[in-house]
Amino acid sequence: VLRQMLEGIDPSEIVVFTFTEKAANELRARIYALAASLAPDLNLDGIYVGTIHGWCFQLLQSSSGFSDVLVLDELHLQALFLRLYDQLGISEYSGFEFPKGVQIALDDMELAWNEGVENVNSPALSQLYESFEDFLSQNRMTTYGSMQHAALKIIQGSSELQTRLVCVDEYQDVN
């Protein structure tokens, strides 16, 4: 990363993904320490070192008026699916009575977020996806998967994003 900046890539065009915020803090500290010893005049303003979810959250906040939104972790997401079991029609979707269908629905939602619901040929999943996304939007909530999917749509529709270098630490942990 430091070599790329010394060769002229602006730090604001560099994104470094890590698996956890702890790893990001450690890597950021190493980058800054190395820069201070090898290139003390190098300006590191604008480099992003953090999780993919954090980057997606930042992108959404800067591009789409995405603010005051509660990000649901896996436990909250599962609890919400349990609460909305009947409203989302999870029994009909999964073929299982409460609460057995939750994991099936959650796994399928992850597939839709990761692959894009438009790429998953399942009308039932599309309906579940749309119903849940509407609920999230109306209640100012999001999920990690939903953030990634929304960020991808922004990236695909923008010619203004100027990221020239993407580095991934712990690549085996990134889906």
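Structure: above.
Conventions and cut-offs
- Residues numbered from 1 in each chain as written.
- Predicted model: local features only at pLDDT ≥ 70, side-chain atom pairs only at ≥ 80, totals over all residues.
- Heavy atoms only, no water.
- Buried < 20%, exposed > 50% of the residue type's maximum accessible area, 1.4 Å probe, protein only.
- Helix = DSSP H or I, 4+ residues; strand = E, 2+ residues; numbered from the N terminus.
- Pairing = 2+ DSSP bridges.
- Polar contact = N/O pair within 3.5 Å; in protein donor to acceptor, adjacent residues only side chain to side chain.
- Axes fitted to C-alpha atoms, helices over the stretch in contact; angles between N-to-C directions.
- Parallel < 35°, antiparallel > 145°, perpendicular 65-115°, else oblique.
- Left-handed = near helix turned anticlockwise from the far one by under 90°.
- Contact = heavy atoms within 4.5 Å.
- Nonpolar A, V, L, I, M, F, W, Y, C, P; charged D, E, K, R; others polar.

1. Focus on the pairing of strand β1 (residues 14-17)
Of the two faces of β1, both are covered, the one formed by I14 and V16 as well as the one formed by V15 and F17. Where β1 and strand β5 (residues 165-168) come together, four bridges link them in parallel fashion. The residue bridging F17 from the neighbouring strand is V168, located in β5. Alignment of β1 against strand β2 (residues 48-50), held across three bridges, turns out to be parallel.

2. What about the side chain of T143?
With respect to the helices and strands, T143 occurs in strand β4 (residues 141-143). Judged by relative accessible area, T143 falls into the buried class, the value being 2%. A distance of 2.9 Å separates the side chain of T143 from the backbone nitrogen of S146, its partner in a polar contact.

3. Overview of the packing of helix α3 (residues 52-63) against helix α9 (residues 144-156)
Between α3 and α9, the least distance of the axes is 9 Å, while the angle of their chain directions is 55°. One finds that α3 runs oblique with respect to α9. Pair α3 / α9 crosses with left-handed handedness. Mapping the contact onto sequence places I52, H53, W55, C56, F57, L59, L60 and S63 in α3 and Y144, M147, Q148, A150, A151, I154 and I155 in α9. Classifying every residue of the contact of α3 with α9 by side-chain character gives 12 nonpolar, three polar and no charged.

4. With respect to the sheet that holds β1
If you walk across this open sheet you meet the three strands as β2-β1-β5, and the pairing is parallel. The strands lining the two open edges of the sheet, one partner per strand, are β2 and β5. For this sheet, the mean inter-axis angle between neighbouring strands, taken without regard to orientation, is 10°. Across the face of the sheet, helix α2 (residues 21-38) comes into contact with β1 and β2 while running at roughly 140° to β2. In the packing of α3 onto the sheet, the strands contacted are β1 and β2, and the crossing angle to β2 comes to about 130°.

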